[in-house]
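Reading the structure
Residues per chain, in single letters:
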Amino acid sequence: MQIRWNFKLKPTKSQKIQMSQWLTTLRKHRNYALRERNIGFDTNNQDIDTSVVYAWGSWCDTESRTEYGSCCPLTCPVIKHGVVPRDLGKALKTSKGVVKWDSASGVQMKVTTQLRHEIPAFGNINSDVLQRNIAKLDAAFTNFWKHGRGYPRYLRALKSFEYKPKQVKIGSIKDSYAIFYLPGIGNVKMHNSRDLKLVKDVRTCTVKTSGGYWFISMLVEISDDLPQEKPVNEVKSVVGIDVGVNKLVAVSDGSFVENVRITTNSRTARRLAIRQRAASRKLKGSKNKAKAFKKITRTKHKLALRREGYNWQAASKIVKTADAIGREDLNIKNMVKRAKPKHDGKGGYKKNGASRKTGLNKVILDCGWGDLFNKIAWLAVKAGKPVIAVNPKHSSQECPQCGHVDKNNRSGEKFLCTNCGHTEHADTKASITIAKRVGLVFPKNKRTLPADCGKVTPVKTSTPKRVESRNHACESPCTQLSLFDLTAYTVVDSRKSKRYGKNS
């Protein structure tokens, strides 16, 4: 079984400086490679009046398809990616006896190998790390062309670099720490929070920085196997969850997971705003400005760790509740989009509630619903429990008794059916509706209260005057009540009247 583990590194000061220099060089390398590919993209997509840069001809002899150099100027680009090196021999490859243009990643990897011999900054970086840097850019273009994602952008800062499989080696293993060998960097100590003796093979490893700390994410192969998911006929219980902003999660058994508002509570939001304003007022390019933003970055990193730990606890509680989990199939990306502007027809705009929508978006992003769903899915896989995503349409407006759907049924956290008068907590009702939409049998809660004892023994009062035993049930200082004894309430009233006056 392959699984990804994350560890916190403890590099030396010189290793930190070296890895930071690697990130700077890799960022420049990626942006330069992206600029080369932009030439081909812009050339193929510009208007006729715009000046363009044309690539070399693919070949001059149409029969032998052999490249002779720049002896055939063309009026249109031939290659799509536009990557043309100075040495045209690096742009060609032979496949099945035919000489043709290499792909953009193939050409740039050959040029990168040449740069390692010419520029010391590239020579200090491991060759596999440089190749993976080009491969990640190639994957970004693949996502753009085939999966409709955004066009790759230039990076102002690079936070990670990646090693190929079987490059990182595990050295000595102790109780609290272990030592990894990173090619080009050396032996690096790390916090050991896993049983590394189970590791059979180390696959790809990503070294990243966050908040001034260094981490390594390893894809390892271990001997353990995941359990088989329970079939539908063996599922005996199901739990539904409804995520929100007032309550982070409402569970169908009536319990809640409170929303602690990691970054949007008043104290933290004020502190972040003050630090951000102070950092923005520093002199541009000064060391004080860099220190201020470093402090903000570390604060946000700690807040992210708090959110991650809280979501792990919530996911663990939910997965342990039942044999199957039903959740809402939410499109969170569309839910946090800004409010659409409304034109008034006079060159201006109408009010569209953008400020309120911005506040709601911040709270939704602070909750981390997507991160919570991912953690629930992973813990459910480890437990062999299925997770079913259902359509959340009208889950908070549908009455569980009569099935009446009306937006007036819900008012905040209160649910009152306008048809039959059924009342319930709105979030709990929505989670029960989600559990029913899973299509499995929802277990009934058969809790019963214990029978009342018919024998009541009065408590003997031996306290001095004006000092009485405290009844914790009534939260008032008085003697212990018998079953039908109402005289003690008169004592409270008399004391109350003496304290606050006769007319109170």
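Treat the numbers as computed from the prediction; the structure is a model and nothing was measured. (Residues numbered from 1 in each chain as written. Predicted model: local features only at pLDDT ≥ 70, side-chain atom pairs only at ≥ 80, totals over all residues. Heavy atoms only, no water.)

1. Digging into the overall build of the protein chain
For clarity, the threshold we go by: Per the convention used, a helix needs a DSSP run of H or I reaching at least four residues, while a strand needs a run of E reaching at least two, with both numbered from the N terminus. The buried label applies to any residue whose accessible area, calculated with a 1.4 Å probe on protein chains only, is under 20% of its type's maximum; exposed applies above 50%, and partly exposed to all values in between. Residue burial considers only the protein chains on display, and all accessible areas are found by Shrake-Rupley using a 1.4 Å probe.
Scanning the protein chain from N- to C-terminus turns up 11 helices and 21 strands. Evaluated residue by residue, the protein chain yields a buried proportion of 33% over its 504 residues. Put simply, the protein chain shows about 32,000 Å² of open surface, and 51% of that area lies on carbon and sulfur atoms.

2. Looking at the pattern of salt bridges
As a reminder, the rule being used: When a carboxyl oxygen of Asp or Glu lies within 4 Å of a side-chain nitrogen of Lys or Arg, that pair is called a salt bridge.
Taken as a whole and judged by the stated rule, the model has 10 salt bridges. Notably, a salt bridge pairs D128 with K164, separated by 3.9 Å at the nearest N-O pair. Here D128, found in helix 4 (residues 127-147), pairs with K164, found in the loop between strand 4 (160-163) and strand 5 (169-173); they are 36 residues apart in sequence, far enough to count as distant. Looking at D128, the relative accessible area reads 15%, which means it is buried. Ionic pairing is found between R307 and D366, a salt bridge with its closest N-O pair at 2.9 Å. In this pair, R307 is assigned in helix 6 (residues 287-319) and D366 in helix 8 (residues 354-367), connecting sequence segments 59 residues apart. Each of the two residues, R307 as well as D366, counts as buried.

3. Some words on the environment of Q276
The condition that has to hold: Any two residues whose heavy atoms approach within 4.5 Å are treated as being in contact.
By secondary structure assignment, the location of Q276 is in helix 5 (residues 266-280). Non-local contacts of Q276, meaning those with residues more than four positions away in its chain, are made with F293 and I296.

4. Comments concerning the sheet that holds strand 19 (residues 423-425)
For clarity, the cut-off: Any two strands with at least two DSSP bridges between them are considered paired. To get an axis, fit a line to the C-alpha atoms, keeping to the stretch in contact for a helix; angles then go from 0 to 180 degrees between the N-to-C directions.
The strand order 17-18-19 describes an open sheet built from three strands, whose pairing is antiparallel. In this open sheet, the two edge strands, each paired with only one partner strand, are strand 17 (410-411) and strand 19. Together, strand 17, strand 18 (414-416) and strand 19 form the strand contacts of helix 10 (residues 426-437), whose direction differs from that of strand 19 by roughly 90°.

5. Points about the sheet that holds strand 12 (residues 256-258)
Read across the sheet, five strands follow the order 12-11-10-13-16 without closing on themselves; strand pairing throughout is mixed. The strands lining the two open edges of the sheet, one partner per strand, are strand 12 and strand 16 (387-390). Direction aside, the axes of adjacent strands within the sheet are offset by 20° on average. As paired elements, strand 10 (residues 238-243) and strand 13 (residues 324-328) share three bridges and run parallel to each other. Following the sheet pairing, G240 is matched in strand 13 by G326. Most of the contacts of helix 6 go to strand 12, to which it runs at about 175°, and overall it touches strand 10, strand 11 (247-251), strand 12 and strand 13.

6. Some details on the pairing of strand 2 (residues 92-95)
Regular strands show a simple pattern: their side chains alternate between the two faces of the sheet. In terms of strand pairing, strand 2 meets strand 3 (residues 98-101) through four bridges, oriented antiparallel. When the bridges of strand 3 are listed, T94 appears paired with V99.

7. Description of the confidence of the model for the protein chain
The condition is simple: Per residue, pLDDT captures the predictor's confidence, and it can take any value from 0 to 100.
With 79% of its residues at a pLDDT of at least 70, the protein chain reaches an overall mean of 80. Scored below 50 in pLDDT, residues 52-59 makes 27 contacts in the model with residues more than four places away or belonging to other chains. In this model, residues 67-77 is a region of pLDDT below 50 whose contacts with residues beyond four sequence positions or in other chains number 21 contacts.

8. Examining the packing of aromatic side chains
To keep it simple, the criterion reads: Aromatic pairs are defined between Phe, Tyr and Trp rings, using the six-membered ring for Trp, whenever the two ring centres lie within 6.5 Å; interplanar angles under 30 degrees are classed as stacked, those over 60 as edge-to-face, and all others as tilted. For a Lys NZ or an Arg CZ to count as sitting over a ring, it must be within 6 Å of the ring centre and within 35 degrees of the ring normal.
Going through the model one piece at a time under the given rule, you end up with seven aromatic pairs. When the ring of F144 is compared with that of W145, the centres are 5.0 Å apart and the planes differ by 65°; the resulting orientation is edge-to-face. Accessibility expressed as a relative area gives 21% for F144, which makes it partly exposed. With centroids separated by 5.0 Å and ring planes inclined at 90°, the aromatic side chains of F144 and Y151 adopt a geometry described as edge-to-face. By relative accessible area, which is 27% here, Y151 ends up partly exposed. A connected cluster of aromatic rings, assembled from ring pairs, spans F141, F144, W145 and Y151. Positioned above the aromatic ring of F373, the side-chain terminus of R327 is 4.4 Å from the ring centre. Positioned above the aromatic ring of F415 is the side chain of K429, whose terminal nitrogen or guanidinium carbon lies 5.0 Å from the ring centre.

9. Overview of the nonpolar core
Going by this rule: Definition of nonpolar core: a set of buried residues of the types Ala, Val, Leu, Ile, Met, Phe, Trp, Tyr and Cys, connected through side-chain atoms within 4.5 Å.
By size, the foremost hydrophobic cluster in this structure holds 34 residues, and its most contacted members are F161, Y163, V207 and I216. Elements with a minimum of two residues in this core: strand 1 (2-10), helix 1 (13-43), helix 4, strand 4, strand 6 (177-182), strand 7 (186-191), strand 8 (199-210) and strand 9 (213-222). Broken down by element, the residue count for this core peaks at five residues, all from strand 9. When sequence neighbours within four positions are dropped, the list of residues in contact with I216 reads W5, N6, F7, L9, F180, L182, C205, T206 and V207. Among the nonpolar cores identified, the runner-up in size contains 22 residues, and L248, V251, W369 and I376 belong to it.

10. Description of the pairing of strand 6
Only one face of strand 6 is buried: it carries A178, F180 and L182, and the other face, with Y177, I179 and Y181, is open. Note that strand 5 and strand 6 share three bridges and pair antiparallel. By the bridge assignment for strand 6, I173 is matched with A178. Where strand 6 lies against strand 7, six bridges are found, and the strand directions are antiparallel. Looking at strand 7, one finds that A178 is bridged to M190. As consecutive antiparallel partners, strand 6 and strand 7 are separated by three residues, and within that stretch G184 has a phi angle of approximately 90°, a positive value.

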